[in-house]
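# Coordinate analysis (summary)
What follows is each chain in one-letter form.
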Amino acid sequence: QIFATGVLERIGLGYEVLKQINPRLILASVSGYGQEGPYREYMGYGPAMPPLTGLSAATGFPGEGPEEFGVSLPDPTAGITTTYAVVSALHRRDQTGIGEHLDIGLWDATAVLAAEAWIQYSMNGTLPDRIGNRDLQMAPHGCYRCGGDDKWIAISCADDQAWRSLALSLI
């Protein structure tokens, strides 16, 4: 069942009550901003999270402004984060016999994707350059125009061996 933040507590079924019935219970709560803190009552909306976390500031093409992602990235990211948290909690429960309450926020699950930009800004006061489809660790990497009005190819070579394989396939 899906409820807004705090509803389980308000109807008398919060984690503290439920764990008295089953101490092995693992409860995963996913919300916009977490179960505690000043923003807990705010409604979370996936597309709003990249701008709110600063992730959008690092996206886009050189010389242009921030870009939208085109998908609601925070929603699947929070789901993946929750899945890993549940698996970890199951492992801990196997060792300790005790369950736990997992508190996953869309904001937190999205903010971690901007960690490099946050560190860069805190270390030297600069924002990362927008590089479009490029990658600082791989080359070639990007979408390249081909013949015709709307024909493109996406190429991503993670290492020298991948580049050699690509180059040899084009001969």
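Definitions and cut-offs
- Residues numbered from 1 in each chain as written.
- Predicted model: local features only at pLDDT ≥ 70, side-chain atom pairs only at ≥ 80, totals over all residues.
- Heavy atoms only, no water.
- Helix = DSSP H or I, 4+ residues; strand = E, 2+ residues; numbered from the N terminus.
- Rg over C-alpha atoms; globule rule 2.2 N^0.38 Å.
- Buried < 20%, exposed > 50% of the residue type's maximum accessible area, 1.4 Å probe, protein only.
- Expected span 1.5 Å × (residues − 1).
- Contact = heavy atoms within 4.5 Å.
- Core = buried A, V, L, I, M, F, W, Y, C linked by side-chain atoms within 4.5 Å.
- 1 Å grid on protein atoms, 1.4 Å probe; cavity = no way out; pocket = protein on both sides within 12 Å on 5 of 7 lines; lining within 4 Å.
- Points joined across faces, edges and corners; volume = space filled by probe spheres on them.
- Nonpolar A, V, L, I, M, F, W, Y, C, P; charged D, E, K, R; others polar.

Moving on: the overall build of the protein. Regarding its fold elements, the protein presents 7 helices and 4 strands. Along the chain direction, N to C, the helices and strands of the protein fall in the order α-α-β-α-α-β-α-α-β-β-α. For 171 residues, the compact-globule estimate of 2.2 N^0.38 gives 16 Å, and the C-alpha radius of gyration of the protein, at 22 Å, exceeds that figure by more than 25%. Taken over the C-alpha atoms alone, the protein extends approximately 70 × 35 × 35 Å along its principal axes. A buried classification covers 25% of the 171 residues belonging to the protein.

Turning our eyes to something else, we now look at helix α4 (residues 74-96). The first and last C-alpha atoms of α4 sit 32 Å apart over 23 residues, in line with the 33 Å expected at 1.5 Å per residue. Among all positions in α4, only Pro74, Thr77, Ala78, Thr82, Ala85, Ala89 and Arg93 are buried. The elements touched by buried residues of α4 are β1 (26-31), α3 (49-53), β2 (100-105) and α5 (106-111). Positioned one or two residues after α4, Gly97 has a phi angle of 80°, which is positive.

Further remarks concern the nonpolar core. Ranked by size, the top nonpolar core spans 10 residues in total: Ile26, Tyr33, Met49, Ala78, Ala85, Ala89, Leu102, Ile104, Leu106 and Ala109. For this core, the secondary structure elements donating two or more residues are α4, β2 and α5. If you tally residues by element for this core, the top one is α4, at 3 residues. Discounting chain neighbours no more than four positions away, the residues touching Ala78 are Val30, Ile104, Leu106 and Ala109.

With that out of the way, let us pick up unusual backbone geometry. That bond from Ala139 to Pro140 is cis: its omega, -5°, falls within 30 degrees of zero. Tracing the chain through its elements places Pro140 in the loop between α6 (115-124) and β3 (141-145).

Moving on, we get to the layout of surface pockets. The space that makes up the largest pocket amounts to roughly 650 Å³. Ala58, Glu116, Pro128, Ile131 and Leu136 are, among the 21 residues lining the largest pocket, the residues nearest its centre. When residues in the lining of the largest pocket are grouped by element, the largest group, 4 residues, is from α6. By residue class, the composition of the lining of the largest pocket is 10 nonpolar, 7 polar and 4 charged.

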